Amino acid sequence: SYSNALNNSSNSIMPPELIQLQLENTDLRSRLAALTDTQSESKAELLSLLEQQTLHSSQLESKLHQLNAGFAAIEKERKMLRKAADMANRDRDEVEKRCGVLERHLKLREGEVGKLAERCREQERRIEG
């Protein structure tokens, strides 16, 4: 199952402890195969050690999968936040652009109001005059 984890994800993390344990397991399997039936006590010790190493390796592999799942979730959230930030920046730019257009229209209208007020004062002076 460890080799499956390697094949499943090219960006999986390979902690040195897991690599070391796999090497130790390979060594133990080789030594076990080399033993003869007359050395059953050594064979039993190696089997026990191999089981312990396999259990430890499985625990590390499980932690590795949890870490990879956590990293994937973090990356997904980072991408969502980046997308939201980009959208907010585009919205802000659009609002600023629209605000500039409205400010220009307001200044034009203020100028027109000023001219109308001046003409009204001019007409009042003529009427009073």
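Chains are numbered independently. Their residues run from 1 in the order of the written sequence. Since the coordinates come from a predicted model, pLDDT governs what is reported: local features require at least 70, and pairs of side-chain atoms require 80 or more to be given and counted, while whole-chain, interface and lining totals use all residues. Processing note: side-chain calculations cover all non-hydrogen atoms of the structure and skip hydrogens and water entirely.

Participant: Any details on the environment of Ala-33? Residues and values, ideally.
Facilitator: Note on conventions: DSSP H or I runs of at least 4 residues are helices, E runs of at least 2 residues are strands, and numbering of each starts at the N terminus. Mapped onto the secondary structure, Ala-33 falls in helix H2 (residues 16-34). Expressed as a C-alpha distance, the spacing of Ala-33 and Lys-43, which sit 10 residues apart in the sequence, is 9.0 Å.

Participant: So what's going on with the pattern of salt bridges? Residues and values would help.
Facilitator: The working definition used for a salt bridge is a side-chain nitrogen of Lys or Arg within 4 Å of a carboxyl oxygen of Asp or Glu. Tallied over the full model, the rule gives 9 salt bridges. Between Asp-86 and Arg-82 there is a salt bridge; the shortest N-O distance is 3.0 Å. Note that Asp-86 and Arg-82 are positioned in helix H3 (residues 40-128) at a spacing of 4 residues, about one turn of the helix. Among the charged side chains, a salt-bridge network with shared partners connects Glu-118, Arg-121, Glu-122, Arg-125 and Arg-126.

Participant: Report on a nonpolar patch on the surface, specifying residues and quantitative values.
Facilitator: Patch membership needs two things, relative accessible area over 30% and no salt bridge, and members are linked within 9 Å if like-charged or within 5 Å if nonpolar (Val, Leu, Ile, Met, Phe, Trp, Tyr). We get accessible surface area from the Shrake-Rupley algorithm with a probe of 1.4 Å; when it comes to residues, only the shown protein chains can shield them. A surface patch of nonpolar side chains, about 310 Å² in accessible area, is lined by Leu-67, Phe-71 and Ile-74. Turning to its location among the elements, Phe-71 is positioned in helix H3.

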